[in-house]
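# Descriptive analysis of the structure
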Amino acid sequence: MKIIRTEDLRGTDREVVSPDGWTSVRWLLAKDGMGFSFHETTFPPGLEFDMWYKHHFEAVFCYQGEGTIVNRDTGEEFEIRPGTVYALDNHDRHTLKAKTEMKLVCAFNPPVTGREIHDEDGAYVPPED
């Protein structure tokens, strides 16, 4: 059994502060052997960020804040608010726009290692076999 507290991860290598403005606390990583990784990501107000997880699937639950997500391939835009889940089940190219500070819980498959930052495509590097 694993017991993990966010406050114990602040300031460690499991807290990633992106130069783009978001912060991610990585509760579970590939090395934890769960088959997925599990994170809390904070987007500050006004941040608009392009992402494309071409090597991962991601499910996201918003529990605080408001914003929108845009599917960059179709142009569809969806409101994100507390209680919303979105699943990137087709390696969707998307833009997340935070109207207010957003707190998101994210699960990735395959799991990330912990220090990933988005590349020029908005993707994480592919996992090593």
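In what follows, the structure referred to is the one given above.
To keep things clear, this report deals only with the structure shown in the data block. Every chain begins its residue count from 1, and numbering advances along the sequence as written. Totals for whole chains, interfaces and linings use every residue, but because this is a predicted model, local features are given only for residues with pLDDT of at least 70 and side-chain atom pairs only at 80 or more, for both listing and counting. Side-chain metrics in this entry use all non-hydrogen atoms of the structure; hydrogen atoms and water are not considered.

## Section: the packing of aromatic side chains
Ring pairs are drawn from Phe, Tyr and Trp, using the six-membered ring of Trp, whenever the two centres fall within 6.5 Å, and their geometry is named by plane angle: stacked under 30 degrees, edge-to-face over 60, tilted for the rest. One pass over the full model with this rule turns up 3 aromatic pairs. Ring centres of Trp-27 and Phe-38 lie 5.3 Å apart, and the angle between their planes is 50°; this geometry places the pair in the tilted category. Of this pair, Trp-27 sits in strand β2 (residues 23-28) while Phe-38 is found in strand β3 (residues 37-43), placing the two residues 11 residues apart along the sequence. Type-normalised accessible area, obtained with a 1.4 Å probe on protein chains alone, sets the label of each residue: buried when under 20%, exposed when over 50%, and partly exposed for intermediate values. Judged by relative accessible area, Phe-38 falls into the partly exposed class, the value being 31%. Joined through ring pairs, the aromatic side chains of Trp-27, Phe-36 and Phe-38 make up one cluster. Across the ring face of Trp-52, the terminal group of Arg-93 is positioned such that the distance to the ring centre comes to 6.0 Å. Here a helix means four or more residues in a row that DSSP labels H or I, a strand means two or more in a row labelled E, and each is numbered from the N terminus. Whether a charge sits over a ring depends on NZ of Lys or CZ of Arg being within 6 Å of the ring centre and within 35 degrees of the ring normal.

## A short note on empty space enclosed by the protein
Put simply, the grid is 1 Å and covers the protein atoms alone, a cavity is a trapped set of points that fit a 1.4 Å probe, a pocket is an open set with protein on both sides within 12 Å along at least five of seven lines, and lining residues have an atom within 4 Å of a point. Grid points are joined across faces, edges and corners, and a volume is the space filled by probe spheres set on the points. Scanning all chains against the criterion turns up 1 cavity of 30 Å³ or more. The computed volume of the largest cavity comes to approximately 130 Å³. Lining of the largest cavity is provided by 17 residues; of these, Thr-41, Phe-43, Met-51, Tyr-53 and Glu-58 occupy positions nearest its centre. Of all elements in the fold, only β2, β3, β9 (93-98) and β10 (102-109) reach the threshold of two or more residues within the lining of the largest cavity. Any residue outside Ala, Val, Leu, Ile, Met, Phe, Trp, Tyr, Cys, Pro, Asp, Glu, Lys and Arg is labelled polar, Gly included; the first ten of those are nonpolar and the last four are charged. Across the lining of the largest cavity, the residue classes tally to 10 nonpolar, 5 polar and 2 charged.

Keep in mind these numbers describe shape, not what the thing actually does.
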